[in-house]
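# Fold and geometry: a report
The lines below spell out each chain.
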Amino acid sequence: MKWEKLLKDGLTGPLTLVIMDGIGFSERREGNAVADAHTPHLDWLLAHCPHGLLKAHGTAVGLPSDKDMGNSEVGHNAMGAGRIYAQGARLVNEAIETGRLFQGKTWRHLMDYCRENNGTLHFIGLFSDGNVHSHLDHLRAMLERAALVEKIPRGRIHILLDGRDVGETSALEYVDPFEAYLQDLNSRAGVDYRIASGGGRMAVTMDRYEADWSMVARGWETHVAGRGRTFRSAREAIETYRREIPGIIDQDLPPFVIADDQGPVGPIRDGDSVIFFNFRGDRAIEISRAFEEENFDKFQRDPYPKVAYAGMMEYDGDLHIPRSYLVEPPHIEKTVSELLCAQGIRQLAISETQKFGHVTYFWNGNRSGKFDPELEEYVEVPSDQVPFEERPWMKAAEITDRVVEEIRGGRFDFMRLNFANGDMVGHTGIYQAAHIAVEAVDLCLGRIMRAVREAGGMLLVTADHGNAEEMYELDKKTGEVKRHADGTPKAKTSHSLNPVWFLVYEPSGKLQVRFDPEVPDPGLTNIAATCMQILGVKPPDFYDPPLLLFAAS
Ligand SMILES: O=C(O)[C@@H](CO)OP(=O)(O)O
Ligand SMILES: [Mn+2]
Ligand SMILES: [Mn+2]
């Protein structure tokens, strides 16, 4: 029993932290699947328990500006690290602005390799300015450098269409200006740079947590082999697929290969250099492994060209994936799990596949290993392999089964879990499904509340960023809901800028919990110290302060 502090305060059960992925708070009712859903448990907590709102986007989570929405990586990093770290988006900006990116040995090697082999320079990555996984400004800065300064004669760009961090059918708003930009660059620099292949980010290449390797295999066929349905241009591919598959949104667009009279314009061959320009790791690890691992058994790589490969960042600091990268990632040290392990606190982390790495790898500062296998258990419930609007309940019930069992069993002092529903279903843009997703989470919350009450433990409920509470596009200037010509609202598939709840359920009432009004600008980074405080471990001074006060302490 490690809950000495909890016991002293009169608690007899563990501390449980529920992260409702993508369930933020907004006062707006229209398009708000959280406010609209039947959520008696959330409502009860809001009516009877101490609660407050936390900042979960922008500079509060280490992003370049407050115009940047939150996301799972930065949200879980912030929760687990207890303080703000400058995140990938910001670090890449700085590396480009100072020119450091182009002076490093990785960039030099990529340039030399394709120059010496008379090879082509390839870029693969998420093609938008969403700033969650990538930013087009980074791509353009590298293209410019390669063309004008390095004078690499041939460049090929493999574009993963977004529609998940930006408007759901916005692909052409990126493709058209980019084609014009390439044309201008080609004539200014006397080079031949072209879009070579692509596809929706949920159809090819950007799988995560090994949920579906076939996505990466399809990406390999498309970008590397140059095999697949061919089109004259990316625009033609997008327009054709939209016509053929009514209602399709960008993230799901099938793969396409660009070909001219000579055939595919940009398969990847021996002697080429390849840059995967996403800075975020989860969806970049599998394709990086496919390029780098000699012995690779996830799919047949045909062909497997000999190339110089680099990622924008190191995506996994434990496993060192990829071996070469352009920008140092944030070095997140002394995360809360590590500090709690040092005090012998037994911890469970659990989610389903889609968010498993979020409560482990992201929470632990982008590390895939455990700090102390004796004290920690990580549980992954396999996710369904279906479009999530078809099963909006996802694996919430299975996660809850295990959590309830562990609350009763008393094997852990601290448990953290992530419910994927609000986010994964929110990203589909399908309102009815998001509504059901939120209700599924609330139903499970009720079960966890009961278990916590019976065990005499304590429960914290929060989220990593918003999504399901804002399911319609809003006009940036007027704040009004955007509409199609027929008057129906335009679906929004991305995260939001909204804050998230922090709810405290201490059913015994013995702790007399209240929020500390002195805490300035409460945000996700305050959660780590709050958990430590409840568990009786003094948070370090470099953590942002705990949120709560206890009359009993
Ligand atoms: O699906 C993802 O990769 C992102 C959105 O780009 O969502 P989250 O940050 O919630 O994982
Ligand atoms: Mn998330
Ligand atoms: Mn998301």
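Residues numbered from 1 in each chain as written. Chains lettered and ligands numbered in written order. Predicted model: local features only at pLDDT ≥ 70, side-chain atom pairs only at ≥ 80, totals over all residues. Heavy atoms only, no water.

### Structural notes on the packing of helix H15 (residues 396–409) against helix H17 (residues 431–455)
Going by this rule: For every element, the axis is a line fit to its C-alpha atoms; helices are fit only across the contacting stretch, and the angle between N-to-C directions ranges from 0 to 180 degrees. Here a helix means four or more residues in a row that DSSP labels H or I, a strand means two or more in a row labelled E, and each is numbered from the N terminus. Working rule for angles: under 35 degrees goes down as roughly parallel, over 145 as roughly antiparallel, 65 to 115 as roughly perpendicular, anything else as oblique. Note on contacts: a residue pair is in contact if any heavy atoms of the two residues lie within 4.5 Å. Note on residue categories: nonpolar means Ala, Val, Leu, Ile, Met, Phe, Trp, Tyr, Cys or Pro, charged means Asp, Glu, Lys or Arg, and polar means any other residue, Gly included.
At a minimum axis separation of 9 Å, H15 and H17 run at an interaxial angle of 0 degrees. Classified by the angle between their axes, H15 and H17 sit roughly parallel to one another. Where H15 abuts H17, its residues Ala396, Ala397, Thr400, Asp401, Val403, Val404, Ile407 and Arg408 lie against Cys444, Arg447, Ile448, Ala451, Val452, Glu454 and Ala455. Partitioning the contact of H15 with H17 into residue classes produces 10 nonpolar, 1 polar and 4 charged.

### A look at the domain arrangement of the chain
Note the threshold: These domain boundaries are the output of an automatic or database domain assignment. Buried surface area refers to the total accessible area, computed with a probe of radius 1.4 Å, that the two partners give up upon joining, counted for both partners together.
Domains assigned within the chain are domain 1 (4–87 + 332–550) and domain 2 (89–327). Placing a centre on the C-alpha atoms of domain 1 and another on those of domain 2 gives a separation of 32 Å. With 32 residues of domain 1 at the interface, the matching set in domain 2 holds 30 residues. Summing the contributions of domain 1 and of domain 2, the shared interface buries around 2,400 Å²; its carbon and sulfur component is 46%.

### Some points on the site of ligand 1
Let me state the cut-off plainly: Throughout this document, a residue counts as near a molecule or strand when at least one of its heavy atoms sits within 4 Å of that molecule or strand. Any N or O atom pair separated by 3.5 Å or less is treated as a polar contact, with the protein-specific requirement of one donor-capable and one acceptor-capable atom, and with residues adjacent in sequence counted only for side-chain atom pairs. Only the protein chains shown count as cover for residues, and the accessible areas themselves come from Shrake-Rupley with a 1.4 Å probe.
Taken together, 17 residues lie around ligand 1, and Ser72, His133, Asp165, Arg280 and Arg283 are the ones closest in. Separating an oxygen atom of ligand 1 from a side-chain N or O atom of Arg208 is a distance of 2.8 Å. When ligand 1 sits alone it has 310 Å² of accessible area, and the protein chains cover 100% of it. Split into classes, the residues belonging to the shell around ligand 1 amount to 1 nonpolar, 7 polar and 9 charged.

### Focus on unusual backbone geometry
Glycine aside, a negative phi is what most residues show, and trans is what most peptide bonds show. The residue after Asp302, namely Pro303, is reached through a cis peptide bond having omega 5 degrees. Mapped onto the elements, Pro303 comes out in the loop between helix H12 (285–292) and strand S10 (308–313). Cis rather than trans, the peptide bond between Ile321 and Pro322 has omega equal to -10 degrees. Here Pro322 lies in the loop between S10 and strand S11 (325–327). In this model, Lys334 sits at a positive phi of 50 degrees, which is unusual for a non-glycine residue. Here Lys334 is to be found in the loop between S11 and helix H13 (336–342). Unlike most non-glycine residues, Asp521 shows phi in positive territory, near 40 degrees.

### Looking at the coordination of the manganese ion (ligand 2)
Let me state the cut-off plainly: Counted as donors are N, O and S atoms no farther than 2.8 Å from the metal, or 3.2 Å for Na, K and Ca; water is not among the atoms, and sites may therefore look incomplete.
For the manganese ion (ligand 2), the full set of protein donor atoms is Asp21 (OD), Ser72 (OG), Asp464 (OD) and His465 (NE2), at a range of 1.9 to 2.2 Å. In primary sequence terms, the donor set of the manganese ion (ligand 2) follows D-x50-S-x391-D-H. Taken as a pair, the manganese ion (ligand 2) and the manganese ion (ligand 3) show a spacing of 4.4 Å. One end of the pair, Asp21, is in the loop between strand S1 (15–20) and helix H2 (33–36); the other, His465, is in the loop between strand S15 (458–462) and strand S16 (500–505), and 444 residues separate them in sequence.

### A few points about the coordination of the manganese ion (ligand 3)
Applicable threshold: Geometry is assigned from the angles between donors: four donors with all angles from 85 to 135 degrees make a tetrahedral site, four or six donors whose opposite pairs exceed 155 degrees while the rest stay between 65 and 115 make square planar or octahedral sites respectively, and everything else is labelled irregular.
The protein atoms that coordinate the manganese ion (ligand 3) are Asp423 (OD), Asp423 (OD), His427 (NE2) and His495 (NE2), at distances of 2.1 to 2.3 Å. Around the manganese ion (ligand 3) sit 6 donor atoms, and with donor-metal-donor angles ranging over 58 to 170 degrees the site reads as irregular. Between the donor residues of the manganese ion (ligand 3), the gaps in sequence give the motif D-x3-H-x67-H.

### Concerning the side chain of Glu73
For clarity, the threshold we go by: We call a residue buried when its accessible area falls under 20% of the maximum for its residue type, exposed when it is over 50%, and partly exposed in between, using a 1.4 Å probe and counting protein chains only. Here Asp and Glu are counted as negative and Lys and Arg as positive; His is not counted, and neither are the chain ends. Here, a salt bridge means any Lys or Arg side-chain nitrogen found within 4 Å of an Asp or Glu carboxyl oxygen.
Residue position: Glu73 is located in helix H4 (residues 72–81). The buried charged residue Glu73 lacks any salt bridge partner; its closest oppositely charged side chain belongs to Arg280, at an N-O distance of 4.6 Å. Beyond its immediate sequence surroundings of up to four residues, Glu73 is in contact with Gln87, Val132, Arg280, Gly281, Phe362 and Asn366.

### Some details on the packing of aromatic side chains
For the record, the criterion: Each aromatic pair joins two rings of Phe, Tyr and Trp (for Trp, the six-membered one) with centres within 6.5 Å, and gets the label stacked for planes under 30 degrees apart, edge-to-face for over 60, and tilted for any other angle.
On inspection of all chains with the given rule, the structure shows 17 aromatic pairs. Relative to Phe299, the ring of Trp213 has its centre 6.4 Å away and its plane inclined at 55 degrees; by these criteria the two rings are tilted. Here Phe299 lies in the loop between H12 and S10 and Trp213 lies in helix H10 (residues 213–225), a separation of 86 residues in the sequence. Both residues of the pair, Trp213 and Phe299, belong to the buried class.

### Some words on the sheet that holds S1
Rule in force here: Here the rule is simple: two strands pair whenever DSSP picks up at least two bridges between them.
The sheet built from 7 strands is open, its strands ordered S2-S16-S15-S1-S14-S12-S13 with mixed pairing. In this open sheet, the two edge strands, each paired with only one partner strand, are strand S2 (51–54) and strand S13 (376–381). Ignoring strand direction, the axes of neighbouring strands in this sheet form an average angle of 15 degrees. For S1 and S15, the ladder comprises 5 bridges, and the chain directions are parallel.

### Focus: the pairing of strand S14 (residues 414–419)
Judged by how many residues are buried, S14 sits mostly within the fold: 6 of 6 residues are covered. Burial along S14 is two-sided: Phe414, Arg416 and Asn418 facing one way and Met415, Leu417 and Phe419 facing the other are all buried. Relative to S14, S1 runs parallel, the two being bridged by 6 bridges. The partner of Val18 across the bridge, within S14, is Leu417. Pairing of strand S12 (residues 347–352) with S14, which is carried by 4 bridges, proceeds in the parallel orientation. Residue pairing across strands places Gln347 opposite Phe414, the latter belonging to S14.

### Examining the UniProt feature "active site" (unreviewed entry) in the chain
Spelled out, the test is: UniProt positions are given in the numbering used here, feature names are shortened, and annotations may be inferred rather than shown by experiment.
On the UniProt side, "active site" (unreviewed entry) is annotated at positions that read Ser72 here. Counting through the fold element by element, Ser72 comes out in helix H4. Not counting the four nearest positions on each side in its chain, Ser72 is found in contact with Asp21, Arg280, Lys355, His358, Phe362, Asp464, His465 and His495.

### Quick look at helix H8 (residues 136–149)
In plain terms, the rule: Every helix has an expected span of 1.5 Å times one less than the residues it contains.
Its 14 residues give H8 an end-to-end C-alpha distance of 19 Å, which sits within 8% of 20 Å, the value for a rise of 1.5 Å per residue. After H8 finishes, the residue Lys151 shows a positive phi value of roughly 55 degrees.

### A word on the pattern of salt bridges
On inspection of all chains with the given rule, the structure shows 38 salt bridges. In this structure, Asp21 and Lys355 form a salt bridge, with 3.4 Å as the shortest nitrogen-oxygen distance. In this pair, Asp21 sits in the loop between S1 and H2 while Lys355 sits in helix H14 (residues 353–362), placing the two residues 334 residues apart along the sequence. Judged by relative accessible area, Lys355 falls into the buried class, the value being 0%. Ionic contacts of the salt-bridge type, sharing partners, join the residues Arg108, Asp112, Arg115, Arg145 and Glu150 into one network.

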